[in-house]
Amino acid sequence: AYVMLRIIRGRGPLRTAILVPYGIVTVVSAFIWRYAFAVDSGFVNQWLALGDFNWFGDRWSALFVICLSEIWKTTPFMALLLLAGLTLVPNDLLQAARVDGASAFQRFTRVTLPLMKPAILVALLFRTLDAFRVFDSVYVQTRGAEGTETVSITGYKTLITRLNLGLGSAVSVLVFIAVLFIAALFVKGFGANLDQQQGDL
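Residues numbered from 1 in each chain as written. Predicted model: local features only at pLDDT ≥ 70, side-chain atom pairs only at ≥ 80, totals over all residues. Heavy atoms only, no water.

Moving on: the overall build of the protein. Helix and strand content of the protein: ten helices and zero strands. Tracing the protein from N to C terminus, the helices and strands come up as α-α-α-α-α-α-α-α-α-α. Relative to its length of 201 residues, the protein is extended, with a C-alpha radius of gyration of 21 Å against a globular reference of 17 Å. Taking the principal axes of its C-alpha atoms as reference, the protein extends roughly 65 × 45 × 25 Å. The buried share of the protein, reckoned over its 201 residues, is 31%. Summed over all atoms, the accessible surface of the protein reaches about 12500 Å², with 67% contributed by carbon and sulfur. Across the protein, the centroid of the 17 positively charged side chains sits 6 Å from that of the 12 negatively charged ones. (Helix = DSSP H or I, 4+ residues; strand = E, 2+ residues; numbered from the N terminus. Rg over C-alpha atoms; globule rule 2.2 N^0.38 Å. Buried < 20%, exposed > 50% of the residue type's maximum accessible area, 1.4 Å probe, protein only. Areas by Shrake-Rupley, 256 points an atom, 1.4 Å probe, with all protein chains shown as cover. Lys, Arg positive; Asp, Glu negative; His and termini not counted. Charge placed at Lys NZ, Arg CZ, Asp CG, Glu CD.)

Here it is, written out as structure tokens:
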């Protein structure tokens, strides 16, 4: 986000290139990563000279691939949110800090980051909720095998596969309540942080 804000030449192509992963449908992205790390059709094992290593045959390697695919897919959205926060930082404050002798690192940690806290909290809220209820990328790559089953996959298997309507509905309601609880915690922290920041100003 900071590079996208400060770069002068090639700003448009850079932002477009960063947004490409976010524009890909999540299911398509999950299939890309699945085939890339597959034993028979993948090229990752050839590049790393790992032979017939099965990335999806062990819990930790499967979680590593899933986390890597999620980071690659959602980083552009996070960068956009943080870029919006960076644009709200007044240049007058940065110039005043520079006149007072603050280094670039000090300006970033003492001026930019404190003023970006609301944007950071919003970005963390969206990403936490997405990570908590993630379904499609995990289902496409492992279908919840090897200890990678999420709460959304648990609700899907209970409700659709096992046709246990009562328990599946209960799981869905619990997921909804958990999402509301997480959102309430973030909003409360966001409001308290914003009030404190306004009081300091």
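This paragraph deals with the packing of aromatic side chains. A full pass over the atoms with the stated rule returns 13 aromatic pairs. Consider the rings of Phe-31 and Tyr-35, whose centres lie 6.0 Å apart with planes at 25°: the pair is stacked. Of this pair, Phe-31 and Tyr-35 both sit in helix H3 (residues 26–36), four residues apart, roughly one helical turn. Among the residues examined, Tyr-35 registers a relative accessible area of 46% and is labelled partly exposed. Look at Phe-135 and Tyr-139: their rings are 5.3 Å apart centre to centre, the planes differ by 15°, and that puts the pair in the stacked class. Among the aromatic residues, those joined into a cluster by ring pairs are Trp-33, Phe-37, Phe-53, Trp-55, Phe-64 and Trp-72. Across from the ring centre of Trp-60, 5.2 Å away, lies the NZ or CZ of Arg-59, which sits over that ring. (Phe/Tyr/Trp six-rings, centres within 6.5 Å; stacked < 30°, edge-to-face > 60°. Lys NZ or Arg CZ within 6 Å of the ring centre and 35° of its normal.)

A separate point is the packing of helix H6 (residues 91–99) against helix H7 (residues 104–132). The contact between H6 and H7 brings their axes to 10 Å, and the two run at 160°. Here H6 is positioned roughly antiparallel relative to H7, judged by the angle of their axes. Relative to H7, the crossing made by H6 is right-handed. When H6 is examined against H7, the residues Leu-93, Leu-94, Ala-97 and Arg-98 are found in contact with a partner set consisting of Arg-107, Val-111, Thr-112 and Leu-115. (Axes fitted to C-alpha atoms, helices over the stretch in contact; angles between N-to-C directions. Parallel < 35°, antiparallel > 145°, perpendicular 65-115°, else oblique. Left-handed = near helix turned anticlockwise from the far one by under 90°. Contact = heavy atoms within 4.5 Å.)

Now for unusual backbone geometry. Non-glycine residue Ala-49 carries a positive phi angle of around 55°. One non-glycine residue with positive phi stands out, namely Leu-163, at about 55°.

Before going further, it helps to spend a moment on the environment of Thr-158. Tracing the backbone shows Thr-158 in helix H9 (residues 151–161). Residue class for Thr-158 comes out buried when judged on its relative accessible area of 3%. Put simply, Thr-158 and Trp-33 are 125 residues apart on the chain and 27 Å apart in space, counted from C-alpha to C-alpha. Beyond its immediate chain neighbours, meaning those up to four positions away, Thr-158 contacts Leu-163, Asn-164, Leu-167 and Gly-168.

On to helix H5 (residues 59–87). Under the 1.5 Å per step criterion, the end-to-end length of H5 is 41 Å for 29 residues, consistent within 8% with the ideal 42 Å. Along H5, the largest kink reaches about 40° and is centred on Thr-74; proline Pro-76 follows within four residues of it. At the N-terminal boundary of H5, the capping side chain belongs to Asp-58, with an oxygen 3.1 Å from the backbone nitrogen of Trp-60. (Expected span 1.5 Å × (residues − 1). Bend = angle between axes of the 7 residues up to and from the residue. Polar contact = N/O pair within 3.5 Å; in protein donor to acceptor, adjacent residues only side chain to side chain.)

This paragraph deals with a nonpolar patch on the surface. There is a patch of nonpolar side chains on the surface, built from Val-25, Val-27, Val-28, Phe-31, Ile-32 and Tyr-35 and spanning about 510 Å² of accessible area. Looking at the secondary structure, you find Ile-32 in helix H3. For Ile-32, a relative accessible area of 43% gives the class partly exposed. (Patch = residues over 30% accessible without salt bridge, like charges linked within 9 Å, V, L, I, M, F, W, Y side chains within 5 Å. Salt bridge = Lys/Arg side-chain N within 4 Å of Asp/Glu carboxyl O.)

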